[in-house]
2 protein chains.
Amino acid sequence: MRTFKLTLEYDGSGFNGWQLQSNAKRTVQGELEAVLLKFFKRRVPVIGSGRTDAGVHARGQVAHFRVDTLMSCDEIQRAFNYNLPQDVVVLRVEEESLKFHAQLSAKRKTYSYHVLNRSFASALERERCCFFPRKLNIPLMRKEAREFVGTKDFSSFANVDPSHKGDAVRTLYRLDIKKHGNRIVFWIEADGFLYKMVRNIVGTLLGVGSGRFPAGSALKILQAKDRRAAGVAVVPQGLFLEEVKY
Amino acid sequence: MRTFKLTLEYDGSGFNGWQLQSNAKRTVQGELEAVLLKFFKRRVPVIGSGRTDAGVHARGQVAHFRVDTLMSCDEIQRAFNYNLPQDVVVLRVEEESLKFHAQLSAKRKTYSYHVLNRSFASALERERCCFFPRKLNIPLMRKEAREFVGTKDFSSFANVDPSHKGDAVRTLYRLDIKKHGNRIVFWIEADGFLYKMVRNIVGTLLGVGSGRFPAGSALKILQAKDRRAAGVAVVPQGLFLEEVKY
């Protein structure tokens, strides 16, 4: 048996998220396993570093599978890219040790979240960003964002996920807010993320930046450890899984 | 009667080009006129600076229409953006003199053309670039590109267009080739463009850069004044109408 690590780019718009479902809906995992089934004539499970929701994109999702084959990494990459639909692409294939596990071995993940801050939406980027028309106080958002960095209990920012086990303590290494004209990009790196955590944090910061929540809200909401305290989650189409580190 | 100038962004993927057609296909002009019909209860023609083909995008297409109304420019913009489908957006509305004509008054146009130069396509940008897998000699392409700048006869780069009248002499002010990692962007500005001229020029330069055509081909093909001499036109999805100057 050999273990292969895949690095993936996908456009989440046409998928019902990463994870294979019992209904017939399109998922990224389902498309990858369909190619492996064609090649190996049996079901080969593809394990992702984590799930992404419907509409969420990836520039660096990681997954692994184990199979007995003589194919090279290059041959596997070409086989995937020739057979996959156009909205998912295999960027890299690497052989790993049998101990490698895309989810359990992951050390850090980076997401970006893209906001278009103007009074009307975008035609070209409508599936790649969140349109937010209200004026934003970026310096205040950056100040509040610092409250999230470090090892914290993120209960207030976790939507209930029936498959979730364990506590809500995560270590956030980085939360940067970059401004390029009317484009605002959040960069968030952590040792792990709770369900909808990025979208809940961004929604809270937009609430503070637009004056809907008073200054000091980030710390207050964190300390509440109660999902009802936070802002609403922003839409999935602004979210990109950028990188998974091992 | 008042004249309004519209600056438009659109995603060409879902349109059968700019121009209204007798069949039922979706066009940008058709969507704009449908909104005006709803507001003014009669057909108000919307005249573009020029047509764009199916799949071609715009970040700064310009159009005008004349109508008798008390609406302000802001009200017209909001009315359009509230009623238009998501793949076309009105970026600006300005009132112009009655002499203004989006096509006839245009002085210069700028297009960009986006190439992804790697061995496999992109999932996220598949509708926004041309995927070109062969190695490119960028310095040679830049050298050949200089042949196009100035006042030249572009017959070799014009596909036959039944509505085209007049000669093929155009003045090209700028043809820059920028490289950002494996993204190559062509910027082309001219006083006017013949049908498929940008896509034929880019196709020819990719032919030279990949070694399919020998060095010196740009000048030779220009001098031939024969469409059969040039490279094949590249795909429409890499092309963006960026700006029209008046």
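Conventions adopted
Residues numbered from 1 in each chain as written. Chains lettered and ligands numbered in written order. Predicted model: local features only at pLDDT ≥ 70, side-chain atom pairs only at ≥ 80, totals over all residues. Heavy atoms only, no water. Helix = DSSP H or I, 4+ residues; strand = E, 2+ residues; numbered from the N terminus. Rg over C-alpha atoms; globule rule 2.2 N^0.38 Å. Buried < 20%, exposed > 50% of the residue type's maximum accessible area, 1.4 Å probe, protein only. Contact = heavy atoms within 4.5 Å. Areas by Shrake-Rupley, 256 points an atom, 1.4 Å probe, with all protein chains shown as cover. Lys, Arg positive; Asp, Glu negative; His and termini not counted. Charge placed at Lys NZ, Arg CZ, Asp CG, Glu CD. Arc of directions from axis to C-beta. Buried area = accessible area lost by both parts, 1.4 Å probe. Salt bridge = Lys/Arg side-chain N within 4 Å of Asp/Glu carboxyl O. Least-squares fit on C-alpha atoms with pLDDT ≥ 70 in both. Phe/Tyr/Trp six-rings, centres within 6.5 Å; stacked < 30°, edge-to-face > 60°. Lys NZ or Arg CZ within 6 Å of the ring centre and 35° of its normal. Domains from an automatic or database assignment. Polar contact = N/O pair within 3.5 Å; in protein donor to acceptor, adjacent residues only side chain to side chain. Nonpolar A, V, L, I, M, F, W, Y, C, P; charged D, E, K, R; others polar. Pairing = 2+ DSSP bridges.

1. Some remarks on the overall build of chain A
Argument step 1. Helix and strand counts for chain A come out as five helices and ten strands.
Argument step 2. What you see for chain A is a C-alpha radius of gyration of 19 Å, in line with the 18 Å of a compact globule of 246 residues.
Argument step 3. Counting only C-alpha atoms and orienting by the principal axes, one finds that chain A spans roughly 60 × 40 × 30 Å.
Argument step 4. A total of 246 residues make up chain A; the buried ones form 53% of that total.
Argument step 5. Taking as baseline every contact in chain A between residues at least 6 positions apart, the subset at least 24 positions apart corresponds to 71%.
Argument step 6. As presented, chain A carries roughly 11,500 Å² of accessible surface, and 51% of it is formed by carbon and sulfur atoms.
Argument step 7. For chain A, the separation between the mean place of its 40 positive charges and that of its 25 negative charges on side chains is 5 Å.

2. Thoughts on helix α5 (residues 217-224) of chain A
Because an α-helix packs 3.6 residues into every turn, residues spaced three or four apart end up facing the same way.
Residues and elements named next belong to chain A.
Argument step 1. Looking only at α5, the buried set comprises Ser217, Ala218, Ile221 and Leu222. The arc that holds every buried residue of α5, seen down its axis, measures 130°, which confines them to one face. More than 90 degrees from the buried face of α5, the exposed residues found are Lys220 and Gln223.
Argument step 2. Each element contacted by the buried residues of α5 is listed here: α3 (138-145), β7 (150-153) and α4 (197-209).
Argument step 3. At the exit of α5 stands Lys225, carrying a positive phi of roughly 45°.

3. Considerations on the interface of chain B and chain A
Argument step 1. Contact residues are listed per partner, giving 24 residues for chain B and 24 residues for chain A.
Argument step 2. Roughly 1,600 Å² of surface becomes buried between chain B and chain A when both sides are summed, with 56% attributable to carbon and sulfur atoms.
Argument step 3. The three residues of chain B that bury the most area against chain A are B:Phe120, B:Leu124 and B:Arg126, which together make up 40% of that side's buried surface.
Argument step 4. Counting every contact that joins chain B to chain A gives four salt bridges.
Argument step 5. Measuring nitrogen to oxygen at the nearest pair gives 2.9 Å for the salt bridge that ties B:Arg126 to A:Asp11.

4. A few points about the relation of the copies chain B and chain A
Argument step 1. The two copies are related by a screw operation: chain B maps onto chain A through 180° of rotation and 0.0 Å of translation along the axis, at an RMSD of 0.0 Å. Taken together, the rotation and translation describe the operation of a two-fold axis. Looking at the rotation axis and the C-alpha trace of chain B, the residue lying nearest is B:Glu125, at 5.4 Å.
Argument step 2. A shared interface surface links the copies, since 100% of the contact residues of chain B are contact residues in chain A too.

5. Description of the packing of aromatic side chains
All names here are of chain A.
Argument step 1. Taken as a whole and judged by the stated rule, the model has 16 aromatic pairs over all chains.
Argument step 2. Feature note: the residues Phe4, Phe65 and Phe80 constitute an aromatic cluster, connected by ring pairs.
Argument step 3. Its end group placed over the ring of Tyr173, Arg108 keeps NZ or CZ at 3.5 Å from the ring centre.

6. Concerning the environment of A:Leu140
Argument step 1. Note that A:Leu140 resides in helix α3.
Argument step 2. Non-local contacts of A:Leu140, meaning those with residues more than four positions away in its chain, are made with A:Val208 and A:Ala215.

7. Regarding the domain arrangement of chain A
Accessible area lost upon the coming together of the parts serves often as the stated size of an interface.
All names here are of chain A.
Argument step 1. Annotation of chain A at the domain level lists domain 1 (2-96) and domain 2 (108-245).
Argument step 2. Here domain 1 and domain 2 have C-alpha centroids that lie 27 Å from each other.
Argument step 3. Residue-level contacts link 16 residues of domain 1 with 19 residues of domain 2.
Argument step 4. It is Asp53, His57 and Arg59 that lose the most area in domain 1 upon contact with domain 2, and together they represent 42% of the buried surface on that side.
Argument step 5. In this structure, the connection of domain 1 to domain 2 is made through three salt bridges.
Argument step 6. Where Asp53 meets Arg199, a salt bridge forms, and the shortest distance between an N and an O atom there is 3.2 Å.
Argument step 7. Inspection of the region where domain 1 meets domain 2 yields twelve residue pairs in polar contact (both at pLDDT 80 or more).
Argument step 8. Its residues placed into classes, the side of domain 1 that touches domain 2 shows four nonpolar, eight polar and four charged.

8. Comments concerning the environment of A:Glu127
Residues and elements named next belong to chain A.
Argument step 1. When you line up the elements, Glu127 lands in the loop between β5 (108-116) and β6 (130-131).
Argument step 2. Considered as a pair, Glu127 and Phe15 are 112 residues apart in the sequence and their alpha carbons are 12 Å apart.
Argument step 3. In contact with Glu127, not counting residues within four places along its chain, are Ser13, His57 and Gln237.

9. A look at the pairing of strand β5 (residues 108-116) of chain B
Residues and elements named next belong to chain B.
Argument step 1. Where burial is concerned, most of β5 is hidden: eight out of the nine residues are buried.
Argument step 2. By the bridge criterion, six bridges tie β5 to strand β10 (residues 239-245) in an arrangement that is antiparallel. Bridge assignment links Tyr111 to a residue of β10, and that residue is Leu241.
Argument step 3. Alignment of β5 against strand β9 (residues 183-190), held across eight bridges, turns out to be antiparallel.

10. Focus: the pattern of salt bridges
Residues and elements named next belong to chain A.
Argument step 1. Under the defined criterion, the tally for this structure stands at 34 salt bridges over all chains.
Argument step 2. A salt bridge links Glu94 to Arg92, with the shortest nitrogen-to-oxygen separation between them at 4.0 Å.
Argument step 3. Glu94 sits in the partly exposed class, given a relative accessible area of 29%.
Argument step 4. Via salt bridges that share partners, Lys5, Arg92 and Glu94 belong to a single interconnected network.

11. Re the pairing of strand β8 (residues 169-180) of chain B
Residue and element names in this part refer to chain B.
Argument step 1. Of the pairings in the sheet, the one linking strand β7 (residues 150-153) to β8 comprises four bridges and is antiparallel in character. Across the sheet, Gly150 pairs through a bridge with Leu172, a residue of β8.
Argument step 2. The sheet contact formed by β8 and β9 spans eight bridges and is antiparallel. Across the sheet, residue Leu172 finds its bridge partner in β9, namely Ala190.

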